[in-house]
Amino acid sequence: MPFTIANTVTFEEEIKKSRFQAIAAVVENEQQVKNFLETHKDLSTTHQCWAWKIGHQVRFNDDGEPSGTAGRPILATIEGNELTNVIVLVNRWYGGIKLGTGGLVRAYGGCAGQCLLLAEKIELIEKKEIRFACLFNEWAIIQYELMQQLIEYQEQYTETGVVIEARVQVHQIEPLRLKLQDVSRGREKLHVCDD
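Worth saying up front: this structure is predicted, and the values here are computed from it rather than measured. (Residues numbered from 1 in each chain as written. Predicted model: local features only at pLDDT ≥ 70, side-chain atom pairs only at ≥ 80, totals over all residues. Heavy atoms only, no water.)

The next point concerns the environment of Asp 42. With respect to the helices and strands, the residue Asp 42 is situated in the loop between α1 (30–39) and β4 (47–54). Once the C-alpha coordinates of Asp 42 and Asn 91 are considered, the two residues, 49 residues apart in sequence, prove to be 8.4 Å apart. Apart from residues no more than four positions distant in its own chain, Asp 42 is found in contact with Gln 48 and Trp 93. (Helix = DSSP H or I, 4+ residues; strand = E, 2+ residues; numbered from the N terminus. Contact = heavy atoms within 4.5 Å.)

What follows deals with the pairing of strand β5 (residues 57–61). Relative to β5, β4 runs antiparallel, the two sharing five bridges. Each bridged residue has a counterpart across the sheet, and for Ala 51 the counterpart in β5 is Phe 60. As consecutive antiparallel partners, β4 and β5 are separated by two residues, and within that stretch Gly 55 has a phi angle of approximately 60°, a positive value. (Pairing = 2+ DSSP bridges.)

Okay, the state of the cysteines next. One pass over the structure, following the stated rule, counts zero disulfides. The thiol sulfur of Cys 49 is not disulfide-bonded, and the nearest other cysteine sulfur, from Cys 111, lies at 11 Å. Exposure remark for Cys 49: the relative accessible area of 0% places this residue in the buried category. The closest cysteine sulfur to the non-disulfide-bonded Cys 134 is located on Cys 193, 16 Å from its own sulfur. (Disulfide = S-S within 2.5 Å. Buried < 20%, exposed > 50% of the residue type's maximum accessible area, 1.4 Å probe, protein only.)

In the numbering adopted here, UniProt assigns the feature "domain: Impact N-terminal" (unreviewed entry) to residues 16–116. This span, residues 16–116, is 37% helix and 30% strand, and a straight line between its end C-alpha atoms measures 22 Å. (UniProt positions renumbered as here; feature names shortened; annotations may be inferred.)

Turning next to helix α2 (residues 71–80). Here α2 has its buried residues at Gly 71, Pro 73, Ile 74, Leu 75, Thr 77 and Ile 78. If you follow the buried residues of α2, they end up packed against β4, β5, β6 (86–93) and α3 (100–118). Positioned one or two residues after α2, Glu 82 has a phi angle of 55°, which is positive.

Attention shifts here to the packing of aromatic side chains. Considering all chains together, one arrives at three aromatic pairs under this definition. Ring plane angle 90° and centroid distance 5.3 Å describe the contact between Phe 20 and Tyr 108, whose orientation is recorded as edge-to-face. With Phe 20 in strand β3 (residues 18–26) and Tyr 108 in helix α3, the pair connects residues that are 88 residues apart, well separated along the chain. Among the residues examined, Phe 20 registers a relative accessible area of 0% and is labelled buried. Ring centres of Phe 136 and Tyr 157 lie 6.4 Å apart, and the angle between their planes is 15°; on these two criteria the pair is classed as stacked. (Phe/Tyr/Trp six-rings, centres within 6.5 Å; stacked < 30°, edge-to-face > 60°.)

Further remarks concern the domain arrangement of the protein chain. We note that the domain assignment places domain 1 (3–123) and domain 2 (127–192) within the protein chain. A separation of 40 Å is found between the C-alpha centroids of domain 1 and domain 2. (Domains from an automatic or database assignment.)

In this structure the tally under the stated criterion is eight salt bridges. Its salt-bridge partner being Glu 79, residue Lys 53 comes within 3.8 Å of it at the nearest N-O pair. On the criterion of sequence distance, the pair formed by Lys 53 in strand β4 and Glu 79 in helix α2 is long-range, its members being 26 residues apart. Among the salt bridges present, the one from Arg 167 reaches Glu 129, with a minimum N-O distance of 3.3 Å. (Salt bridge = Lys/Arg side-chain N within 4 Å of Asp/Glu carboxyl O.)

Structure, rendered in C-alpha cells:
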C-alpha cells in the first residue's frame, strides 16, 4: 500500500556546528520536482542535497558531498517510510567541523527521517485522466454529479455541447461512466486516458 504525505513539513537541527534543514513535500511529476527545487534554491547553503520518489522513479543528488553520503540516505528514509510522490531536500550550512562519511550519512538520513516523522502519512489514491462529451441540455446533470463527488474538471464548449476533462480517483470512473450512459441514453462514452 503506497503512502504519501499530507502537506509540506520542515525540520531543523544542528550537528557539530553545521546547521541542517530538511523540507519534505508532495510531488506528482518531474516538473513539480523542478519547480520545488527552483523555489527552494538557497545560495547561502553549503550543500543542497535531495532525493525524490514518484512511483518507481527515483533520483537523488549529493550536491558536492562525498558520493553516497547525502542523497542516497535521504532516499533510504523515503523508501523506509513506504512513501512515494515525495521529495526531501536537506540544506546544510557548514559549521567548520568535518563529520566524516559515516557522520554525513547519519546527519542527512537522520534529518530527513525526523522531518518525515513530522508529516502526516496518507494513503495514495490512484487517479486517472478521463475525457467525455455531452449535449448542452445534459451538462447540468453531469456537472451536478461531478460537484457531488468533488471532482475537479475543465469544460470546453463546442458547437454541439460540452467536452469535459477531469482527473478522478479510479473508484469514481465506473459510477461516472454509468451516469453518462444513463443521461445520454448510451450515446456518449467515457474515455480513460492512458498515462
